[in-house]
Amino acid sequence: MTVRSVRRALPAIVWAYVFRLLCGWIIASPLARALAAQGATQHPRGDAILFERGGLELTEALRLGGAVLAEEAKGSLLVAVMLGFVSLVPAVGLLSALDEDARSGPSEWTKRGVALWPRSSVMFGAKWFAQGVYWLLAGLLVVFIYRKAPTHWDERSVDLTALGVALLCSLPALFLGLVEEMARIELVRGARLGGALRRAVRLTASRPIRIGGSWLLATLIGAALTVAVAHLVGALDVSRPGSARMVGVFVLHQAAIFGILCARSVWLAYCIELGRGFDGSAPGAERAPVDLEVAPRGPVPARIETHDPPAEAPGGR
Amino acid sequence: MTRLRALLVSLGFALPAAGSGGSADPLSAPSPTPVAPDASVPPRIASYALEARLDVASHTLTGKGTLTWQNPSSVSTNELWFHLYLNAFKNEQSLFLRSPFGAGRSGSHGSDFGYIDVTRLAVRELGAENLWPRAAKTSPGDADDETDIRLPLPREIGPGEKVNIELEWTSRLPSIVERTGYSGSFHLVGQWFPKLAKREPDGTWAHFAFHPQAEFYADFGDYDVTLNVPRGFVVGATGRRVGDREDAGRVELRYHAERVHDFAWTAWDRFRERRERVDGVDVQLLYPPGHEANAEDELEVLRDALPHMSRRYGRYPHPTLTVVHPPEAARNAGGMEYPAFITTGGPWWAARSGARAAPAVTVHELGHQWFQGLLASNEPAWPFLDEGVNTYAETQFMQTRFGTGSLFSLGGLEVSDLAARRVFAIAHGHDGAIAEPAARFATFQDLGALVYARTAVALASVANAWGTDGLDRALERYTRDQRFRHPAPKDLLDAVRAELGDDAHDTLKTALFDKGWVDYELGAVDCVGEQKPAGVFDSESGRTTVERARAADTQACRVLVRRKGTLSFPVSIELEMASGARSRAHWDGKGNWTTLDHEGSDRVVAAIVDPDREILLDENFANNSFSSRAKFAHRTLERATYLAELFLGALGP
């Protein structure tokens, strides 16, 4: 079922990937221009020199363009945060595509993403804020460990203990992140903000190993892809002449990004399946009878009718 | 911070004013001739036989012993000068600690003070009287510092005369600031005994207060040291262990080292130890628990570096080498050199990080066994002679051993040790001269960039321009001639002149002493098409009409190359034609500019000065090239876009 959903949603994955590529290009362009302007564009070999082994030209470009790059980086960071929020539109679109029984199209996904953007943005921002506070507290705890570690411990033991504590602390932060993802799924499936959050909490709390474990698996697949591609790209060595190398590197990198998106999509589809089978009976998980922002169309209202119980059994499915 | 330090320096903390032995004109002053000029029979000017007992709870040493000293100069002396280096950490009025902005290389004041109290000093040949009460209480010209102490003698000690000086003292170690101190039960014991200043052949004493940016200078001698530590403590020290004895819960270890100018040791009850014979040398590696991977990395690099350095700079002369990797809590003890004893450093995961910091530090400190250990230059007066030349030796080895990823290599990104050092060398290039006494640098950052990095980059530029083999030969000559001696800058420059010629010598001298700099620039590439004149021409044979040609018959191109700055290196200039053909020309680099003229059917479309980036001192590589076909930075954009996509993936939904 999960694999079928993902296969059916492949156009939406491609759509989300293209959106990410575009966002990446917007963020990267000023930085790339500023870096290459430090001599590389006037060199007969172009910016291939920046990728030469030994890093002589790269360190020189960073030295010469340091101040400009720092300013550009600030701007790019701001743009990245903004685009992070904008990326909720294709994210919601992807969820819609994964959730629907029949294939719709980009305009439908976009409409749905735009309609749900205010609520998903609030959740997304709140998650980052909560995680930030949480990490701050966890950081203080780690500092405390370093200060109070028994003197007979060796430094590796202290570091590993601090790392272990940090990982333990990361579990609630991870829980927050997973709840936000689950709640977004619920939003897509028609729940109100409060109901979506409550149901997401119950769902995540009742199946933490399945949801967290599958998330970890998808994340590890993404990390493995990134590392593997880094090694392949290193072997291709774009500092050497030949546009085929450049094309090869582009394809490898984008394959990694697409692979990461696919792994994430499989995970999301799995979570949607879990949500479908979840019979959370706690109150407050009621769904909006009609999504006011988007007129229900295609398979979505049908499932709302099928899975959304009447008001007397709120949230139960 | 910079201004205050500059003020302190200007107030008289410059070392030469304290009699560092730096000559007024260093370039006309070769190294003083030692008592025994034959390098195979090194001089024993100051030999110590010492006993010390370490109380690990109070971090206190109780010591006594005899210093046998021979007046190496042609002049009698009625005084002795002693360095009491540990008094640098006695209080916050010492020259070392008085700056509120931190001290020394680490920038740390430490949390606990240290000091040395001499309780008895008698010169056997002058009677049994304790002479120490006669000693000055403070350093000359500095009522707050107690690191540079003059002791007047009841009678003169003549040239060549040998005396035995009996010493008794108590030292308390500071918490680790750098080079010496304790952290918990870890003890790094350096500069722990009253150290006689070096007397130069002309009769001056090279004495100086301990400045936070400076290091040491001393005469060669033999050391016979007996250390008494609690049982269970693992000890490493300069020299070979020649005896050990247990008594009442303590052990007594006797070490012997010959032809050295210092003695350092360490004791910790948690050291792990590895021993290996490398190139005929017994290497003892001491490291904290959990650092097994670092230890293997460090031994691995030593297996190559020790024979490499011995081949290049003369045989390592000692039977032992102790390598100490301090625990992270005592990280400021790392990266220091004493004869036959070095400290390295790095966190326990360093070996897995992709960075080669621990091997680089190990190689650097090993290099000091030659550049300061054997060529015992005056570090406070000419720090570039040991730190700078040694950094070049380090980068050369790292390049040989690890290639282009000698500093960092991970996921296809490789950065070399020398490329990273060049960044600092160029950034600070105009902040001061390289060849300055340590105390004259405004900040330690300046010293680091100029003395360490810029010297190495200058030497690498000379090697690339006039031949790496030639510079290797020059350094071989320098290290062979100055082995067990105290070289001055002129000795290094003379060796360069002998092997590479006057141009290399003059360029290096300017780079070292005169803030020498250079920037090669591709000024312009101009091409004009040349055609047969068109029009109607009358001649004796009649009227002819020459049509205007659609394309030029030949191209006349002129490439203008400029050299800015005070240094001149010979460089290559590469021209690229429209057809893709390339050619190279050579410019001796003399003069402010040169032009290359090219005529032919092919047009010059690009030019690069120094295409192989040999002149690393070049201040700006960005202006070295011109291309009429400006390139779109698609590789950079592709890589940056990928990284941004990954970032968005981590940040976003």
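Values in this document were obtained by computation on a predicted structure and should not be read as measured data.

The rules behind each value
- Residues numbered from 1 in each chain as written.
- Chains lettered and ligands numbered in written order.
- Predicted model: local features only at pLDDT ≥ 70, side-chain atom pairs only at ≥ 80, totals over all residues.
- Heavy atoms only, no water.
- Pairing = 2+ DSSP bridges.
- Helix = DSSP H or I, 4+ residues; strand = E, 2+ residues; numbered from the N terminus.
- Axes fitted to C-alpha atoms, helices over the stretch in contact; angles between N-to-C directions.
- Contact = heavy atoms within 4.5 Å.
- Salt bridge = Lys/Arg side-chain N within 4 Å of Asp/Glu carboxyl O.
- Buried < 20%, exposed > 50% of the residue type's maximum accessible area, 1.4 Å probe, protein only.
- Buried area = accessible area lost by both parts, 1.4 Å probe.
- Polar contact = N/O pair within 3.5 Å; in protein donor to acceptor, adjacent residues only side chain to side chain.
- Nonpolar A, V, L, I, M, F, W, Y, C, P; charged D, E, K, R; others polar.
- Disulfide = S-S within 2.5 Å.
- Domains from an automatic or database assignment.
- Core = buried A, V, L, I, M, F, W, Y, C linked by side-chain atoms within 4.5 Å.
- Lys, Arg positive; Asp, Glu negative; His and termini not counted.
- Phe/Tyr/Trp six-rings, centres within 6.5 Å; stacked < 30°, edge-to-face > 60°.

**A closer look at the sheet that holds strand β20 (residues 336-338) of chain B**
Residue and element names in this part refer to chain B.
At step 1: Overall, mixed pairing links the five strands, which are arranged β17-β18-β19-β21-β20 in an open sheet. In this open sheet, the two edge strands, each paired with only one partner strand, are β17 (272-278) and β20. Within this sheet the neighbouring strands show an average axis-to-axis angle of 15°, counted without direction.
At step 2: Looking at chain direction, β20 and strand β21 (residues 341-343) are connected through three bridges and run antiparallel. Paired with Glu-337 across the two strands is Ile-342, which belongs to β21.
At step 3: The sheet contacts of helix α3 (residues 357-367) involve β19 (320-324), β20 and β21, and relative to β21 the element is tilted by about 150°.

**A closer look at the pattern of salt bridges**
All names here are of chain B.
At step 1: Throughout the structure, instances matching the rule amount to 63 salt bridges over all chains.
At step 2: The partner of Arg-120 in a salt bridge is Glu-166, with the nearest N and O atoms 3.2 Å apart. Placement of the pair is Arg-120 in strand β4 (residues 115-123) and Glu-166 in strand β6 (residues 162-172), with a sequence separation of 46 residues.
At step 3: Note that Arg-497 and Asp-502 form a salt bridge whose closest N and O atoms lie 2.9 Å from each other.
At step 4: In this structure Asp-502 comes out as partly exposed when scored by relative accessible area, which is 42%.
At step 5: When salt bridges that share partners are traced, they join Arg-274, Glu-276, Glu-296, Glu-300, Arg-303, Asp-304 and Arg-401 into one network.

**Some thoughts on the interface of chain A and chain B**
At step 1: With 69 residues of chain A in contact, the opposing surface of chain B contributes 56 residues.
At step 2: Roughly 5,300 Å² of surface becomes buried between chain A and chain B when both sides are summed, with 63% attributable to carbon and sulfur atoms.
At step 3: Where chain A touches chain B, the interface holds five salt bridges.
At step 4: Between Asp-47 of chain A and Arg-635 of chain B there is a salt bridge; the shortest N-O distance is 3.4 Å.
At step 5: Along the contact surface separating chain A from chain B lie 17 residue pairs in polar contact (both at pLDDT 80 or more).
At step 6: Listed by contribution, the elements that provide at least two residues to the side of chain A that touches chain B are α2 (10-36), α3 (56-64), α4 (66-86), α5 (88-99), α6 (106-148), α7 (155-188), α9 (208-236) and α10 (243-276) of chain A.
At step 7: Looking at the side of chain A that touches chain B residue by residue, the classes come out as 36 nonpolar, 19 polar and 14 charged.

**Description of the pairing of strand β27 (residues 554-565) of chain B**
All names here are of chain B.
At step 1: Bridge count for strand β24 (residues 518-530) against β27 is 12 bridges, and the pairing is antiparallel. Among the inter-strand pairings, Ala-524 is bridged to a residue of β27, identified as Leu-560.
At step 2: Here β27 runs beside strand β30 (residues 593-600); their pairing, made up of eight bridges, is antiparallel. Counted as the bridge partner of Val-559 is Leu-596 from β30.

**Re the state of the cysteines**
At step 1: For the structure shown, the criterion picks out one disulfide over all chains.
At step 2: Residue pairing for Cys-527 of chain B: its cysteine sulfur links by disulfide to Cys-557 of chain B, the two sulfurs lying 2.1 Å apart. Judged by the sign of its S-S torsion, about 115°, the bond between Cys-527 of chain B and Cys-557 of chain B is right-handed. Highlighted residues: Cys-527 of chain B in strand β24 and Cys-557 of chain B in strand β27, separated in sequence by 30 residues.
At step 3: Cys-557 of chain B gets classed as buried once you look at its relative accessible area, which sits at 3%.
At step 4: There is no disulfide at Cys-23 of chain A, and the cysteine sulfur nearest it, in Cys-262 of chain A, is 18 Å away.
At step 5: Residue Cys-271 of chain A stays outside any disulfide, its sulfur separated by 16 Å from that of Cys-262 of chain A, the closest cysteine.
At step 6: Residue classification places Cys-271 of chain A among the buried positions, given a relative accessible area of 1%.

**Remarks on the domain arrangement of chain B**
Residues and elements named next belong to chain B.
At step 1: Partitioning chain B into structural domains gives domain 1 (1-42 + 373-516) and domain 2 (518-638).
At step 2: With 19 residues of domain 1 at the interface, the matching set in domain 2 holds 14 residues.
At step 3: Buried area between domain 1 and domain 2, summed over both chains or domains, comes out near 1,400 Å², and the portion from carbon and sulfur atoms is 61%.
At step 4: The largest contributions to the domain 1 side of the interface with domain 2 come from Arg-422, Ser-461 and Asn-464, which together make up 32% of the buried area.
At step 5: Where Lys-590 meets Asp-503, a salt bridge forms, and the shortest distance between an N and an O atom there is 3.0 Å.

**Looking at the sheet that holds β4 of chain B**
The strands making up a sheet are joined through hydrogen bonds of the backbone, oriented either antiparallel or parallel.
Residues and elements named next belong to chain B.
At step 1: Here we have seven strands laid out as an open sheet, ordered β4-β6-β2-β1-β12-β15-β14, and mixed in their pairing. This sheet does not close on itself; its edge strands, each paired only once, are β4 and β14 (240-247). Sheet twist, expressed as the mean angle between neighbouring strand axes with direction ignored, is 15°.
At step 2: Of the pairings in the sheet, the one linking strand β1 (residues 46-55) to strand β2 (residues 60-70) comprises 10 bridges and is antiparallel in character. In the sheet register, Leu-54 faces β2, and the bridge partner there is Leu-61.

**Thoughts on the packing of helix α4 (residues 383-402) of chain B against helix α5 (residues 417-427) of chain B**
Residue and element names in this part refer to chain B.
At step 1: Where α4 contacts α5, the axes come no closer than 9 Å and their chain directions differ by 145°. Residues Thr-391, Glu-394, Thr-395 and Met-398 of α4 lie in contact with α5, whose contacting residues are Asp-417, Leu-418 and Arg-421.
At step 2: Its residues assigned to classes, the contact of α4 with α5 shows two nonpolar, two polar and three charged.

**Brief notes about the nonpolar core**
One broad trend across soluble globular proteins is that nonpolar side chains are buried collectively.
Residue and element names in this part refer to chain B.
At step 1: In terms of nonpolar packing, the biggest core is built from 94 residues, with Val-283, Leu-366, Trp-370, Phe-384, Leu-471, Val-559 and Phe-569 touching the most fellow members.
At step 2: Here this core gets 14 residues from one element, more than from any other, and that element is helix α6 (residues 444-466).
At step 3: Sequence-distant contacts of Phe-384, that is, excluding residues within four places in its chain, are made with Val-389, Ile-434, Ala-435, Val-451, Thr-455, Pro-489, Leu-492 and Leu-512.
At step 4: By size, the runner-up hydrophobic cluster in this structure holds 78 residues, among which are Leu-80, Val-177, Phe-208 and Val-260.

**Things to note about the environment of Pro-43 of chain B**
At step 1: Relative to the elements of secondary structure, Pro-43 of chain B occurs in the loop between α1 (2-13) and β1.
At step 2: Through-space distance from the C-alpha of Pro-43 of chain B to that of Phe-216 of chain B is 18 Å; in sequence the pair is 173 residues apart.

**Section: the side chain of Ser-29 of chain A**
Residue and element names in this part refer to chain A.
At step 1: Tracing the sequence through the fold places Ser-29 in helix α2.
At step 2: Judged by its relative accessible area of 11%, Ser-29 falls in the buried class.
At step 3: Within the structure, Ser-29 has its side chain in polar contact with the backbone oxygen of Trp-25 (distance 2.7 Å).

**Remarks on the side chain of Glu-298 of chain B**
At step 1: Its place among the elements puts Glu-298 of chain B in helix α2 (residues 292-313).
At step 2: Put simply, Glu-298 of chain B is tucked away with no salt bridge, and the nearest opposite charge, on Arg-274 of chain B, sits 9.0 Å away.

**Quick notes on the packing of aromatic side chains**
Residue and element names in this part refer to chain B.
At step 1: Scanning the entire structure with this criterion turns up 32 aromatic pairs over all chains.
At step 2: Between Phe-186 and Phe-271, the aromatic rings sit 5.9 Å apart at their centres with planes inclined by 75°, giving edge-to-face as the arrangement. Here Phe-271 lies in the loop between β16 (265-268) and β17 and Phe-186 lies in strand β8 (residues 186-189), a separation of 85 residues in the sequence. The pair formed by Phe-186 and Phe-271 is uniform in burial state, with each residue classed as buried.
At step 3: A ring pair is formed by Trp-192 and Phe-263, whose centres lie 6.3 Å apart and whose planes are at 65°; its orientation type is edge-to-face. Here Trp-192, found in the loop between β8 and β9 (195-196), pairs with Phe-263, found in the loop between β15 (250-260) and β16; they are 71 residues apart in sequence, far enough to count as distant.
At step 4: Since its relative accessible area comes to 0%, Phe-263 is described here as buried.
At step 5: Among the aromatic residues, those joined into a ring-pair cluster are Tyr-48, Trp-169, Trp-192, Phe-193, Tyr-223, Tyr-255, Phe-263 and Trp-265.

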